[in-house]
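What follows is the residue order along each chain.
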Amino acid sequence: MRVAAALKAKGGDEFAKPGSIIEIKFVKGESLSLTASRLLALMILTAGGDAWEDRPHRIRKADIRRGHKGNERITDMLQELHRTLFAVDDKSWRGKKATLLFSLISRSKEETDEEGGETGWIEWEFTPDARKLIQASETYAVLNRQAVLGFRSNYALKLYELGALRLHRRQATWRGDMQALRAALGIPPDVYTDFAQLRRKVLEKAKSEIDQLAHFRVEWREIRQGRTVTEIEFRFEPKGAPEVLETVDELDRHSSGRQARRDGAVESVTVGEGATPAPRVTVAGKKSSEAAFPSGSLRYSHDDLLEIGRRYGGGWDVDMIANGFREHMGERLEKLRGAKMIAAWKGFCEGWFNRRGRP
């Protein structure tokens, strides 16, 4: 909750989702739709560090609709959240093993007196069981709002959350049998019963979206007994700095051409011979020794970048990582500013630790 509060205060597209909510199990045969999953993510983003408190939370309906098509109704998503049941392991009043069933939302209000019901606010409260689960969570995943709203497969979104959680824990793999896989991704038991179909409809689609929109890549290994796939092992690997920049650029583009770009069906436009290149802009009177990172010192007036290096670099000296970053990026450093700089630096730090382990 402290991390969630800090990210909300900082602003931007990153937010923390409790690991307990990411790994929560659906009751058999139930799962959230893609739109309801997005709404839940936006609710957690909006609540921030106050999600565990017994109080109402509010969000503009316009902020919800930014990630959805115009014909989708917020009312339907709210009702789905109300009626979907989740399960966690618990103890009975006798101290015996038990399964607790509960929903995440206890009550909600949607303003409906505006024209067409398209404007205004919604208000909701998390259930006591949900608040308890959120408050007790010791792990979390840092997710990107644009990525969450960009996924077109619910299974891709679930795998994205699972991968972000695992990378934050420094556990780059997830392994489970077919029952565990279905529970983790919310795949109904009577859907994709043939593994070849599950691979094509779920795993391959999820991988292509995650590789395009997430700050990491995902691969999987199929463990077999004879000719039957009995287990799956996912491996999540942070992207290098150039790939992170491509991801940031993709998230800033319109989603209408995303499928074509993912499939490599978009023609690239190149500058013809004789074209006048764009002039380089420099800051007059700026000495090289005073230049901002990555040209200058990481420790000079770059508290956010320094903190990222310390948090995600696995204990390595941040100046050593910074030198590796400069060498790796080369001429591309001149184009790094703002969110792209932060994303590239964070991805490089995670990759540095992932490749080398702890010093």
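Residues numbered from 1 in each chain as written. Predicted model: local features only at pLDDT ≥ 70, side-chain atom pairs only at ≥ 80, totals over all residues. Heavy atoms only, no water.

1. Notes on the overall build of the protein
At step 1: Scanning the protein for helices and strands turns up 15 helices and 11 strands.
At step 2: Among the 359 residues that make up the protein, the fraction classed as buried is 44%.
At step 3: Once local pairs closer than 6 in sequence are excluded, the contacts in the protein between residues at least 24 apart make up 66%.
At step 4: When the accessible surface of the protein is summed, it comes to about 20,000 Å², and 47% of that surface belongs to carbon and sulfur atoms. (Helix = DSSP H or I, 4+ residues; strand = E, 2+ residues; numbered from the N terminus. Buried < 20%, exposed > 50% of the residue type's maximum accessible area, 1.4 Å probe, protein only. Contact = heavy atoms within 4.5 Å. Areas by Shrake-Rupley, 256 points an atom, 1.4 Å probe, with all protein chains shown as cover.)

2. Details of the confidence of the model for the protein
At step 1: Across the protein, the average pLDDT comes to 79, with 81% of residues at or above 70.
At step 2: Across residues 67-71, confidence stays below pLDDT 50; counting only partners more than four residues off in sequence or on other chains, it has 7 contacts. (pLDDT = per-residue confidence, 0-100.)

3. So, the sheet that holds strand β3 (residues 57-60)
Strand-to-strand pairing in sheets goes through backbone hydrogen bonds, with the strands running parallel or antiparallel.
At step 1: Pairing is antiparallel in the open sheet, where 3 strands are placed in the order β3-β7-β6. In this open sheet, the two strands that pair with only one neighbour each are β3 and β6 (105-110). Here the strands of the sheet are splayed against their neighbours by 20° on average, with no regard to which way each runs.
At step 2: Examined bridge by bridge, β6 and strand β7 (residues 121-126) share 5 bridges and lie antiparallel to one another. From the neighbouring strand, Ser 108 faces β7, where its bridge partner is Trp 124. (Pairing = 2+ DSSP bridges. Axes fitted to C-alpha atoms, helices over the stretch in contact; angles between N-to-C directions.)

4. Quick notes on the environment of Ile 64
At step 1: By secondary structure assignment, the location of Ile 64 is in helix α4 (residues 61-65).
At step 2: Ile 64 gets classed as buried once you look at its relative accessible area, which sits at 0%.
At step 3: Residues Ile 64 and Leu 42, spaced 22 residues apart in sequence, show a C-alpha to C-alpha distance of 7.3 Å.
At step 4: Excluding residues within four positions of it along the chain, Ile 64 makes contact with Leu 39, Leu 42, Ile 59, Ile 74, Met 77 and Ile 122.

5. Let's talk about the packing of aromatic side chains
Aromatic ring pairs are described here by two measures, namely the spacing of the ring centres and the angle between the planes.
At step 1: In this structure the tally under the stated criterion is 7 aromatic pairs.
At step 2: Considering the side-chain rings of Trp 174 and Phe 234, the 5.9 Å spacing of their centres and the 35° angle between planes classify their relative orientation as tilted. Linking Trp 174 in strand β9 (residues 173-177) with Phe 234 in strand β11 (residues 228-238), this pair joins segments that are 60 residues apart in sequence.
At step 3: Residue classification places Phe 234 among the buried positions, given a relative accessible area of 1%.
At step 4: Geometrically, the ring pair formed by Phe 325 and Phe 348 is edge-to-face, given 5.4 Å between the ring centres and 65° between the ring planes. With Phe 325 in helix α14 (residues 318-329) and Phe 348 in helix α15 (residues 338-356), this residue pair connects regions lying 23 residues apart in the sequence. Each member of the pair Phe 325 and Phe 348 is classed as buried. (Phe/Tyr/Trp six-rings, centres within 6.5 Å; stacked < 30°, edge-to-face > 60°.)

6. A look at the nonpolar core
At step 1: Core analysis: the biggest nonpolar cluster contains 37 residues, and Phe 151, Leu 159, Tyr 160, Ile 210, Phe 216, Phe 234 and Phe 236 have the highest contact counts within it.
At step 2: Element by element, the count of residues in this core is highest for helix α8 (residues 154-168), at 9 residues.
At step 3: Discounting residues that sit within four places of it in the chain, Phe 151 has contacts with Leu 34, Arg 38, Ala 156, Leu 157, Tyr 160, Glu 209, Ile 210 and Leu 213.
At step 4: With 30 residues, the next largest nonpolar core counts Ile 21, Ala 47, Phe 86 and Ile 122 among its residues. (Core = buried A, V, L, I, M, F, W, Y, C linked by side-chain atoms within 4.5 Å.)

7. Considerations on α14
At step 1: Its 12 residues give α14 an end-to-end C-alpha distance of 16 Å, which sits within 8% of 16 Å, the value for a rise of 1.5 Å per residue.
At step 2: Turning to α14, its buried residues are Val 318, Ile 321, Ala 322, Gly 324, Phe 325 and Met 329. Across the axial projection of α14, the buried residues extend over an arc of 160°, all falling on one side.
At step 3: Phi for Gly 330, located one or two positions after α14, is positive at around 60°. (Expected span 1.5 Å × (residues − 1). Arc of directions from axis to C-beta.)

8. Here we look at the packing of α8 against helix α10 (residues 195-213)
At step 1: In contact at an axis separation of 8 Å, α8 and α10 are set at 65° when each is read in the N-to-C sense. By crossing handedness, the relation of α8 to α10 is classed as right-handed. When α8 is examined against α10, the residues Tyr 155, Ala 156, Leu 159 and Tyr 160 are found in contact with a partner set consisting of Val 202, Ala 206, Glu 209 and Ile 210. (Left-handed = near helix turned anticlockwise from the far one by under 90°.)

9. Some remarks on unusual backbone geometry
At step 1: Its identity as a non-glycine residue notwithstanding, Tyr 192 has a phi of 55°, on the positive side.
At step 2: Considering the arrangement of structural elements, one finds Tyr 192 in the loop between α9 (178-185) and α10.

10. With respect to the environment of Lys 132
At step 1: You can see Lys 132 is positioned in helix α6 (residues 128-136).
At step 2: The spatial distance from the C-alpha of Lys 132 to the C-alpha of Ala 51 is 9.8 Å, given a sequence separation of 81 residues.

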